[in-house]
Amino acid sequence: MTLKKYHYYRLAIVILLAAGISSLVATGNYLLPLAAVALAWLILYNLRQHVDGVLADECDYALAGQAARYSISAFSVLLVIAFFVLMHFAQGNQDLYNF
């Protein structure tokens, strides 16, 4: 797969994920978006394995720092999980829902 095709697939997955999460949250379902995020993450990981070209230069990763990249990734995943779990359990408690 070419790099350009990978970027189109990635954009389509992000658009579908955003539309799916917004519709699920609007209907009051807060646990299915977690599954959708995990599924999109697996699909993007699988697509990344099939790219023939170079996704990023090694110098970019060295400058950004592996520790910072991993900590931001882990922190964002934890925040997404906490967000949807809090919204699921806050159906009757408005203060917890606002938090």
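Now for a look at the structure at hand. Here the structure is a predicted model, which means the values were calculated and not measured.

## Section: the packing of aromatic side chains
Now for step 1: Considering all chains together, one arrives at one aromatic pair under this definition.
Now for step 2: Consider the rings of Phe 83 and Phe 84, whose centres lie 4.9 Å apart with planes at 70 degrees: the pair is edge-to-face.

## A closer look at the nonpolar core
Now for step 1: Listed in full, the six residues of the largest apolar core are Tyr 6, Ile 13, Ala 40, Leu 44, Leu 47 and Val 51.
Now for step 2: For this core, the elements supplying multiple residues, two or more each, are helix H1 (3–26) and helix H2 (32–49).
Now for step 3: It is H2 that contributes the most residues to this core, three residues altogether.
Now for step 4: Setting aside anything within four residues of it in sequence, one finds Leu 44 in contact with Tyr 6, Arg 10 and Ile 13.

## Topic: H1
Now for step 1: Between the first and last C-alpha of H1 there are 35 Å, a value that for 24 residues agrees with the 34 Å anticipated at 1.5 Å per step.
Now for step 2: Burial in H1 covers these residues: Tyr 6, Ile 13 and Ile 21.
Now for step 3: Buried residues along H1 sit against H2 and helix H4 (66–89).
Now for step 4: One or two steps after H1, the chain reaches Gly 28, where phi turns positive at roughly 95 degrees.

## Observations regarding the environment of Tyr 6
Now for step 1: Tracing the sequence through the fold places Tyr 6 in helix H1.
Now for step 2: For the pair Tyr 6 and Leu 47, spaced 41 residues apart in the sequence, the C-alpha separation amounts to 7.0 Å.

## What to know about the packing of H2 against H4
Two packed helices can be described by the angle between their axes and the distance between those axes.
Now for step 1: Close contact between H2 and H4 brings their axes to 9 Å; oriented N to C, the two are set at 155 degrees. By the angle between their axes, H2 is roughly antiparallel relative to H4. Residues Pro 33, Leu 34, Val 37 and Trp 41 of H2 form the contact with H4, whose participating residues are Val 77, Val 80, Ile 81, Phe 84 and Val 85.
Now for step 2: Of the residues assigned to the contact of H2 with H4, the class counts are nine nonpolar, no polar and no charged.

Cut-offs used in this document
- Throughout this description, residue numbers start from 1 for each chain and increase along the sequence as written.
- Per-residue local features are limited, in this predicted model, to residues with pLDDT of at least 70; the limit for side-chain atom pairs, both in listing and counting, is 80 or more; totals at the level of whole chains, interfaces and linings are taken over all residues.
- Think of the side-chain values as coming from all heavy atoms in the structure, minus any hydrogens and water.
- The pairing test for Phe, Tyr and Trp rings, Trp by its six-membered ring, is centres within 6.5 Å, and the orientation test on the planes gives stacked under 30 degrees, edge-to-face over 60, and tilted for anything in between.
- Put simply, buried Ala, Val, Leu, Ile, Met, Phe, Trp, Tyr and Cys residues joined by side-chain atoms within 4.5 Å make one nonpolar core.
- Whether a residue is buried, partly exposed or exposed follows from its accessible area with a 1.4 Å probe, protein chains only, as a fraction of its type maximum: under 20%, in between, or over 50%, in that order.
- Numbering goes from the N terminus for both helices and strands, where a helix is a DSSP run of H or I of at least four residues and a strand is a run of E of at least two.
- Two residues form a contact once any of their heavy atoms are found within 4.5 Å.
- Any helix carries an expected span of 1.5 Å times its number of residues minus one.
- Here the axes come from fitting lines to C-alpha atoms, over the contacting stretch only for helices, and the angles between their N-to-C directions go from 0 to 180 degrees.
- The labels follow the angle: roughly parallel below 35 degrees, roughly antiparallel above 145, roughly perpendicular from 65 to 115, and oblique for the rest.
- Gly is placed with the polar residues, together with every amino acid not listed as nonpolar (Ala, Val, Leu, Ile, Met, Phe, Trp, Tyr, Cys and Pro) or charged (Asp, Glu, Lys and Arg).

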